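What follows is each chain in one-letter form.
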Amino acid sequence: MSDLTQLLLNGLSTGAVYALFALGYTLVFSVLGVINFAHGAVFTLGAYFTYFLIGGAAGANGVLAGLQLPFALPFWLALPLAGIGAAAVALLIERTAFAPLRQRNADPLLALITSLGAGVVLVNLLQILMGAEGYAFPQGADALAGLPDALVIAGARIRTIQLLLLLVSAAAVVVLTLWLERSKGGQANRRLGQGQGYAYSHDWPENVSGQDYLERPLTLYTPKTAGWEAKIADRLARWQALK
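Residue indices follow the written sequence of each chain, beginning from 1 at its first position. Owing to the predicted nature of the model, reporting of local features is limited to residues with pLDDT of at least 70; listing and counting of side-chain atom pairs is limited to 80 or more, with chain, interface and lining totals taken over all residues. Working from all heavy atoms in the structure, the side-chain values ignore hydrogens and water.

Concerning the overall build of the protein
Put simply, the rule reads: Each helix is a run of H or I in the DSSP string that is no shorter than four residues. Each strand is a run of E no shorter than two, and both are numbered from the N terminus. Note on contacts: a residue pair qualifies if any of its non-hydrogen atoms lie within 4.5 Å across the two residues.
Per the secondary structure count, the protein includes seven helices and two strands. Within the protein, contacts between residues at least 6 apart in sequence are counted, and of these 55% link residues at least 24 apart.

A few points about the packing of helix H2 (residues 39-53) against helix H3 (residues 75-103)
Our working definition: Where helices are involved, their axes are fitted lines through C-alpha atoms of the stretch in contact, as for all axes, and angles between N-to-C directions lie from 0 to 180°. Handedness of a crossing follows from how the near helix is turned relative to the far one, being left-handed for an anticlockwise turn of less than a right angle and right-handed for a clockwise one. Three classes are used, and their members are as follows: Ala, Val, Leu, Ile, Met, Phe, Trp, Tyr, Cys and Pro are nonpolar, Asp, Glu, Lys and Arg are charged, and the others, Gly among them, are polar.
Following both chains from N to C, one finds H2 and H3 inclined at 140°, their axes separated by 8 Å at the closest point. Considering the relative orientation of H2 and H3, their crossing is right-handed. Residue-level contacts link Val 42, Leu 45, Gly 46, Phe 49, Thr 50 and Leu 53 of H2 to Phe 75, Ala 78, Leu 79, Leu 81, Ala 82, Gly 85, Ala 86, Val 89, Ala 90 and Ile 93 of H3. Grouping the amino acids of the contact of H2 with H3 by side-chain chemistry returns 13 nonpolar, three polar and no charged.

As for the pairing of strand S2 (residues 156-159)
Short version of the rule: Accessible area is worked out with a 1.4 Å probe on protein chains only. A residue is then buried under 20% of its type maximum, exposed over 50%, and partly exposed in between. Here a strand pair is declared whenever DSSP counts at least two bridges between the two strands.
Burial along S2 is one-sided: Ala 156 and Ile 158 are buried, while Arg 157 and Arg 159, pointing the other way, are not. As consecutive antiparallel partners, strand S1 (residues 150-153) and S2 are separated by two residues, and within that stretch Ala 154 has a phi angle of approximately 55°, a positive value.

Let's talk about H3
Given 3.6 residues to a turn, an α-helix orients residues that are three or four positions apart in the same direction. Cut-off, in case you're wondering: To estimate how far a helix should reach, multiply one less than its number of residues by 1.5 Å. To get the bend at a residue, fit one axis to the 7 residues ending there and another to the 7 starting there, then take the angle between the axes.
In a regular helix each residue adds 1.5 Å, so 29 residues correspond to 42 Å; H3 covers 40 Å between its end C-alpha atoms and thus fits that length. At Arg 95, H3 is bent by approximately 35°, the largest bend along its length. Listed in full, the buried residues belonging to H3 are Phe 75, Ala 78, Ala 82, Ala 86, Ile 93, Glu 94, Ala 97, Phe 98, Ala 99 and Leu 101. In this structure, the buried residues of H3 make contact with H2, helix H4 (108-130) and helix H5 (160-182).

Remarks on the packing of aromatic side chains
Heads up, the rule is: Under the pairing criterion, centres of Phe, Tyr and Trp rings, with the six-membered ring standing for Trp, must be within 6.5 Å; the plane angle then separates stacked pairs below 30 degrees from edge-to-face pairs above 60, leaving the rest tilted.
For the coordinates displayed, the defined rule picks out four aromatic pairs. Seen from their ring centres, Phe 21 and Phe 43 are 4.2 Å apart, and the 25° between their planes marks the pair as stacked. Of the two residues, Phe 21 is situated in helix H1 (residues 2-32) and Phe 43 in helix H2; the sequence distance between them amounts to 22 residues.

Structural notes on the pairing of S1
Pairing of S1 with S2 involves four bridges; the strand directions are antiparallel. Looking at S2, one finds that Ala 150 is bridged to Arg 159.

Treat this as a map of the structure, not an account of what it does.
Following this line, the structure appears as structure tokens:
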């Protein structure tokens with residue numbers, strides 16, 4: 001039974017990370033109508049901010065090798081501050097990359113490619129500064145504001161940071177739901193109608209969507225009256241008369 005509980009707790013803590021990712025992707029898509037591929041890189045940047053704020057030191061392989069802040073904040077305080085820092089970076093990306101495209105009414109595909117490029121730049125910049133090795137959050141009561149490193153629940157051991165992440169994710173989902181349903185800003189965002197009427201493939205028999213993206217009637221080519229195009233126009237007219 002303890003093994004099952006351990007697997008469930010590990011799965012929930014991992015799923016909490018995916019839930020936070022999904023919240024970010026959903027909000028950006030609902031407002032901008034673009035899948036922001038840079039969102040994962042900004043998420044990672046927030047993790048690094050948290051790591052430094054609670055007293056972590058940079059590894060030996062990056063440009064910032066050995067860098068450590070002269071102070072260490074408790075996890076509960078470092079987490080929102082890191083979120084604010086990551087949000088500032090996301091706002092900078094929006095102002096420098098996405099806003100000019102919107103002002104020019106650029107094709108949505110350009111915004112998609114831009115987000116992919118921004119993500120690649122951020123990821124490579126992080127690897128240059130911090131190195132490509134893995135990082136783990138510092139252990140100890142100081143980093144967790146006096147909380148223990150791990151808790152034992154029904155015979156299963158879960159790290160306190162994992163439990164905090166699960167609670168933060170649940171709180172974020174609840175707050176977002178309440179904001180969308182009860183606040184004026186959330187209701188206005190829902191009235192934008194993003195995604196309404198979209199036919200997902202799993203909504204159709206045999207998982208094949210019946211969507212049609214081309215205009216009807218569709219005219220791909222209209223021949224002119226000179227040269228061979230005049231003969232093509234005549235032949236097309238005769239074919240049309242046979243219908």
